[in-house]
Amino acid sequence: MASPSTGDVPLLHEIRVVRRVGLVRLRGHSLPLLEASVEALALDARTREAGVESVLRQAVSLLDTDKLREAAGYTLGLVSGCRDWPASDRRDRAAAVYGVSVERFRKDHEVMVLGQVADHVLRLMAAQDVERAEGDSAPASDEKWRGVTHRKVRLRVRGRQTVFTVHRHPVDLVRDVDVLVSPANVHLALPEAYKSSIPASLRRAASVRSVTGEVLRDPVHEELRDWTAQNGASGRPVLPGTVVPTGVGALGEQGVRRIYHAVIAVPRAGTNDYDVLPADVTRAVSRVFSLLAEESGLSTPAMSSVCFPLLGSGRGGLPYRVSLGAVWAGIEAELARGATCDVHFVVRSPEAAALLEGVLTGIRPGRDQSATD
């Protein structure tokens, strides 16, 4: 399918429709180009409207500056808590981001913001076309991960040879890594242990059980509850980017010593979904390294390894590539400052493992990063 150019009226018209009617009132409005982008990106959306929202979230997450992302988020109702706001209220808040009058924002900034969103929708589709073309002409890169659970990736970062370990298996099977990083929501509320998310899996694996399997203690849940009470956060959200350390309960038998709960997910009002900003992921990753350095000096032996999932790529809705970019930005910055710990990644699917390996080795392939920075 030929993609429309950014100058085409229909694409911008559809995005303006979303701005005008809001995400909760899309039903009954014709959005053929945005719907085509959902199909082109092969998004697994429950409804047509959810697919359109997912495309727009991906496009907004790729905008260049915080102001652009924030203004676009308010304009289109993507910011947590404002999806059902009237268009005028959303425009007021977006104008405030730039510190201009509503009328000036409408005539100038809004045109620029929506144009940038349209550009990135098209870039997402173009990138998908390239991936499909490469896939048609070469064996699928994820095939080499079929049946493989671990692989080391070597590259030079800031003049130093660095080895990353990629795990392809459930997070609760990671062994002999000091710190496991787990995504958390701003309320630090854990999902029930029977669910399939990373926090649920770690809660389940850390539980202390009797010989008959009965849960005797739920240490991760208990420590998070105690932390919120001690820090005055009971009943109110903490800031995204916060990282809360807890013990590991029964996971200690696998050589794991700490769980760091990285707060990145903001519940979306009226839904079971979350909003995750890549910038919050990067801030949380940086805080993980700071906390690891603080706690390592108090531990015997010192803690020296940390394992990251692709934060925000589950119910947070970030594409794998966007999540990895946000995680890597934090890791790269810390390595540049002299961090020396072993870094691990854990993913479930061969596709995610292949992407992770490919992106890592393609960051600066065959070159010393310090020579080009």
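Remarks on the pairing of strand β10 (residues 342-347)
Okay, so step 1: Here β10 lies mainly inside the structure; five of its six residues are buried.
Okay, so step 2: Judged from the four bridges that link them, strand β9 (residues 305-308) and β10 form a sheet pairing that is parallel. Residue pairing across strands places Val 306 opposite Val 343, the latter belonging to β10.

Some thoughts on the side chain of Arg 168
Okay, so step 1: With respect to the secondary-structure elements, Arg 168 resides in strand β2 (residues 160-168).
Okay, so step 2: Lacking a salt bridge, the buried Arg 168 has Glu 351 as its closest oppositely charged neighbour, with an N-O distance of 7.3 Å.
Okay, so step 3: Looking at Arg 168, its side chain comes within polar contact range of the main-chain oxygen of Arg 348, at 3.3 Å.

A closer look at the nonpolar core
Okay, so step 1: One finds Phe 164, Val 281, Val 306, Phe 308, Ile 331, Val 343 and Phe 345 to be the most contacted residues of the largest nonpolar core, which totals 42 residues.
Okay, so step 2: Setting aside chain neighbours within four positions, we find Phe 345 in contact with Phe 164, Thr 165, Val 166, His 167, Cys 307, Phe 308, Leu 324, Val 327, Ile 331, Leu 356 and Leu 360.
Okay, so step 3: Counting 40 residues, the second-largest nonpolar core is a separate cluster that includes Leu 12, Leu 41, Leu 78 and Val 117.

What to know about the pairing of strand β6 (residues 243-246)
Okay, so step 1: Across the two faces of β6 the burial is the same, with Val 243 and Pro 245 and Val 244 and Thr 246 all buried.
Okay, so step 2: Pairing between β6 and strand β7 (residues 258-267): four bridges, direction antiparallel. Opposite Pro 245, over in β7, you have Tyr 260 as the bridge partner.

Focus: the pattern of salt bridges
Okay, so step 1: What the rule picks out here adds up to 19 salt bridges.
Okay, so step 2: Arg 83 is the salt-bridge partner of Glu 53, the closest N and O atoms lying 3.0 Å from each other. A residue pair is termed long-range when its members are at least 10 positions apart, and Glu 53 in helix α3 (residues 48-61) and Arg 83 in the loop between α4 (66-76) and α5 (87-98) qualify at 30 residues. Neither Glu 53 nor Arg 83 differs from the other in exposure class; each is buried.
Okay, so step 3: Where Arg 283 meets Asp 280, a salt bridge forms, and the shortest distance between an N and an O atom there is 2.3 Å. Residue Arg 283 and its partner Asp 280 are located together in helix α9 (residues 278-296), separated by three residues, close to a single helical turn.
Okay, so step 4: If you follow the salt bridges from partner to partner, you end up with Glu 53, Arg 57, Arg 83 and Asp 275 in one network.

Quick notes on the packing of aromatic side chains
Okay, so step 1: One pass over the structure, following the stated rule, counts five aromatic pairs.
Okay, so step 2: Ring geometry for Tyr 74 versus Trp 85: centroids 6.4 Å apart, planes at 15 degrees, classification stacked. Of this pair, Tyr 74 sits in helix α4 while Trp 85 sits in the loop between α4 and α5, and the two are eleven residues apart along the sequence.
Okay, so step 3: On the basis of relative accessibility, which here comes to 11%, the residue Tyr 74 falls in the buried class.
Okay, so step 4: When the centroid spacing of 6.5 Å and the interplanar angle of 35 degrees are considered together, the rings of Tyr 98 and Phe 105 count as tilted.

A closer look at the environment of Glu 53
Okay, so step 1: With relative accessibility at 7%, the residue Glu 53 sits in the buried group.
Okay, so step 2: Taking the C-alpha atoms as reference points, Glu 53 and Val 18, separated by 35 residues in sequence, lie 9.1 Å from one another.
Okay, so step 3: In contact with Glu 53, not counting residues within four places along its chain, are Leu 23, Leu 78, Arg 83 and Arg 268.
Okay, so step 4: A polar atom in the side chain of Glu 53 sits 3.0 Å from the side chain of Arg 83.

Brief notes about unusual backbone geometry
Okay, so step 1: Backbone torsion omega between Thr 300 and Pro 301 reads -5 degrees, so that peptide bond is classified as cis.
Okay, so step 2: Mapped onto the secondary structure, Pro 301 falls in the loop between α9 and β9.
Okay, so step 3: A positive phi angle is found at Asp 176, which is not glycine, with a value near 55 degrees.
Okay, so step 4: With respect to the helices, strands and loops of the structure, Asp 176 is situated in the loop between β2 and β3 (179-185).
Okay, so step 5: Here Asp 176 falls in the exposed class, since its relative accessible area comes to 61%.
Okay, so step 6: Of note in the backbone geometry, Leu 188 takes a positive phi value of approximately 55 degrees without being a glycine.
Okay, so step 7: If you trace the backbone, Leu 188 turns up in the loop between β3 and α7 (198-206).
Okay, so step 8: Exposure remark for Leu 188: the relative accessible area of 7% places this residue in the buried category.

Regarding the side chain of Gln 254
Okay, so step 1: By secondary structure assignment, the location of Gln 254 is in the loop between β6 and β7.
Okay, so step 2: Look at Gln 254 and you get buried, because its relative accessible area is 17%.
Okay, so step 3: Within the structure, Gln 254 has its side chain in polar contact with the backbone oxygen of Val 174 (distance 3.0 Å).

Section: the confidence of the model for the chain
Okay, so step 1: The predicted model of the chain averages 83 in pLDDT, with 86% of residues at 70 or higher.
Okay, so step 2: Low pLDDT, under 50, characterises residues 1-8; the stretch is placed with 13 contacts to residues that sit more than four places away or in other chains.
Okay, so step 3: Confidence over residues 364-373 falls short of pLDDT 50; this stretch has 16 contacts with residues more than four positions distant or in other chains.

Conventions adopted
Residues numbered from 1 in each chain as written. Predicted model: local features only at pLDDT ≥ 70, side-chain atom pairs only at ≥ 80, totals over all residues. Heavy atoms only, no water. Buried < 20%, exposed > 50% of the residue type's maximum accessible area, 1.4 Å probe, protein only. Helix = DSSP H or I, 4+ residues; strand = E, 2+ residues; numbered from the N terminus. Pairing = 2+ DSSP bridges. Lys, Arg positive; Asp, Glu negative; His and termini not counted. Salt bridge = Lys/Arg side-chain N within 4 Å of Asp/Glu carboxyl O. Polar contact = N/O pair within 3.5 Å; in protein donor to acceptor, adjacent residues only side chain to side chain. Core = buried A, V, L, I, M, F, W, Y, C linked by side-chain atoms within 4.5 Å. Contact = heavy atoms within 4.5 Å. Phe/Tyr/Trp six-rings, centres within 6.5 Å; stacked < 30°, edge-to-face > 60°. pLDDT = per-residue confidence, 0-100.

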